[in-house]
Every structure is written in C-alpha cells, then in structure tokens.
Amino acid sequence: QQQVKQSPQSLIVQKGGISIINCAYENTAFDYFPWYQQFPGKGPALLIAIRPDVSEKKEGRFTISFNKSAKQFSLHIMDSQPGDSATYFCAATTENSGNTPLVFGKGTRLSVIA
Amino acid sequence: DVKVTQSSRYLVKRTGEKVFLECVQDMDHENMFWYRQDPGLGLRLIYFSYDVKMKEKGDIPEGYSVSREKKERFSLILESASTNQTSMYLCASSSQAVPDSGNTIYFGEGSWLTVV
C-alpha cells in the first residue's frame, strides 16, 4: 500500500527553468511533509519541510506548496541549476507521534541540462 | 556535525551467506532505521527501532532481522542472502524530541550489497 504517490518518476529541465515535483497522500493524519534530496553515492538529506498550518514555504530557490483539501504537496525549484541534478523524495508522517516512521514517495530523478 | 556511519560501503556475498550490515550514529538518537533503495521502488523500510533492544517490522521485513544492543548501533542481518537482496541499504536515525527535531531523519551514505 503506497501512502504517498510521487510524480513524475524522472524529469529533465533546462538550466534556469522551473522544476516541479508532485506528491499526493492518503492518510489525513499526516501533519509533517519533508522533502529529501539525494546525490549519487550519498544518502538522502533533508531539503525543506512543511506543516499543514501554512500553504507555502520558501527557502532560497526551493518552495513547497501545500494543498490540504486536495491532500497534495509539491516542490518547486526555481532557476534550476545543473547542481540541482539529484533524486528527490517527498515524505509524510504524523509529527506528534515520535515513533512513526516517515513514509516516502518513490522518488523523482531530476536532470538539469545546460 | 551529525553523523551516521555505515561500516561497509560495498560488499559482495554469495547466496546463502549470513550478512551483517553495521550502522553507528553519534547523535544520541533514540530512533534508528534500515531502508533498502531500489530503482523505481524508492526507499522501503525494512525494520526500525525506537529504543535499545526494541525493534519493529517495516514494510519489507521478510528475509531480514535486526539487532540493537546499544543505543548508537543498529545492525541489519541477512540470515541467508539471496540474489533478490542485491540492493543499496541505507541506515538512518532520528530524535524523538519532537517538535525540536522536526522528525528529521539523518541517513548514512549507504551500503551497496551484491549477492551472487
């Protein structure tokens, strides 16, 4: 049972363009939605996260948009750079239940070409 | 600086061998996790532990076991390795101090296991 659906599986974007990755969840108890970034040969690392009390969170070129009623959230990478080429995972959990593991999407492989 | 260390980066084992993957974290985290990562399947949780000597099954525990004798160390054991266990294995840890930690999971760099 896949609780977090992520799309697309792969994405090619021109340098300077906007990369958009979408995720949808089913469990309405989820209240914490992080995005992880993974470079080849490395483990994933937290990129940015959002809680459902806000509809958008921005950190530099990275923005999460959150739609609670649609149970969807997305990652936007503005002015995409070749250094952003990586695999991105969305995830979700119930934050106040400290022992509940994150549920991850299947990942999106982003390639930013010059 | 946060560190999750997986002792073996690359291993080649024979079918039927017993395999140990070791993981150590230096952040005094209560929670530790083992994931496996395969192309197109993302990160799948094998086992996790929220305390010493405690373990919980994840989504794909079959063929695996774990051991947590000390807070900082979490071992993944393949009792009898099979070719379908060829994969990258990721160890991770997190704090139970919510919301201070924001449920951030810190990953190791992964162990690439090939079973022949």
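Details of the structure are given in the entry above.
Quick caveat: nothing in here was measured; it's all calculated off a predicted structure.

1. With respect to the side chain of S19(A)
All names here are of chain A. Secondary-structure assignment places S19 in strand β3 (residues 19–25). Side-chain polar atoms of S19 contact the side chain of S80, separated by 2.8 Å. If we skip the residues at most four places from it in the chain, S19 touches L11, V13, L75, H76, I77, S80 and L110.

2. A closer look at the environment of N84(B)
Residue and element names in this part refer to chain B. By the secondary structure assignment, N84 is in the loop between β9 (73–78) and β10 (87–94). Each C-alpha atom of the pair N84 and T114 lies 9.3 Å from the other, and the pair is 30 residues apart in sequence. One polar contact links N84 to S82, side chain to side chain, over a distance of 2.5 Å.

3. Regarding the sheet that holds strand β8 (residues 72–77) of chain A
Residue and element names in this part refer to chain A. Spatially, the five strands line up as an open sheet ordered β1-β3-β8-β7-β6, and their pairing is antiparallel. Whereas interior strands pair on both sides, the edge strands pair on one side only; in this sheet they are β1 (4–7) and β6 (56–59). Each strand axis lies, on average, 15 degrees off the axis of its neighbour in the sheet, ignoring direction.

4. Here we look at a nonpolar patch on the surface
Residue and element names in this part refer to chain A. On the surface, I18, I20 and M78 cluster together into a nonpolar patch covering about 240 Å² of accessible area. The topology assignment puts I18 in the loop between β2 (10–14) and β3. With a relative accessible area of 47%, I18 lands in the partly exposed category.

5. Description of the interface of chain A and chain B
Frequently, the measure chosen for interface size is the accessible area that the parts lose on association. On the side of chain B, 24 residues touch chain A, which itself brings 22 residues to the contact. Counting across the interface, chain A meets chain B through one salt bridge. Of the charged contacts in the structure, one is a salt bridge between E109(B) and K42(A), with a shortest N-O distance of 2.9 Å. Taken together, the connections running from chain A to chain B amount to four residue pairs in polar contact (both at pLDDT 80 or more). Here the residues of the side of chain A that touches chain B are counted per class, giving eight nonpolar, 10 polar and four charged.

6. As for the state of the cysteines
Summed over the entire model, instances satisfying the criterion amount to two disulfides over all chains. Between C23(A) and C90(A) runs a disulfide, and the two sulfur atoms are separated by 1.9 Å. Here the disulfide of C23(A) and C90(A) is left-handed, its torsion about the S-S bond being about -95 degrees. Here C23(A), found in strand β3, pairs with C90(A), found in strand β9 (residues 86–92); they are 67 residues apart in sequence, far enough to count as distant. In this structure C23(A) comes out as buried when scored by relative accessible area, which is 3%. Among the residues examined, C90(A) registers a relative accessible area of 0% and is labelled buried. Bridging C23(B) to C91(B), the disulfide has an S-S length of 1.9 Å. As the torsion about the S-S bond is roughly -80 degrees, the C23(B)-C91(B) disulfide counts as left-handed. Highlighted residues: C23(B) in strand β4 (residues 23–25) and C91(B) in strand β10, separated in sequence by 68 residues.

Cut-offs and rules
Residues numbered from 1 in each chain as written. Chains lettered and ligands numbered in written order. Predicted model: local features only at pLDDT ≥ 70, side-chain atom pairs only at ≥ 80, totals over all residues. Heavy atoms only, no water. Helix = DSSP H or I, 4+ residues; strand = E, 2+ residues; numbered from the N terminus. Polar contact = N/O pair within 3.5 Å; in protein donor to acceptor, adjacent residues only side chain to side chain. Contact = heavy atoms within 4.5 Å. Pairing = 2+ DSSP bridges. Axes fitted to C-alpha atoms, helices over the stretch in contact; angles between N-to-C directions. Patch = residues over 30% accessible without salt bridge, like charges linked within 9 Å, V, L, I, M, F, W, Y side chains within 5 Å. Areas by Shrake-Rupley, 256 points an atom, 1.4 Å probe, with all protein chains shown as cover. Salt bridge = Lys/Arg side-chain N within 4 Å of Asp/Glu carboxyl O. Buried < 20%, exposed > 50% of the residue type's maximum accessible area, 1.4 Å probe, protein only. Nonpolar A, V, L, I, M, F, W, Y, C, P; charged D, E, K, R; others polar. Disulfide = S-S within 2.5 Å.

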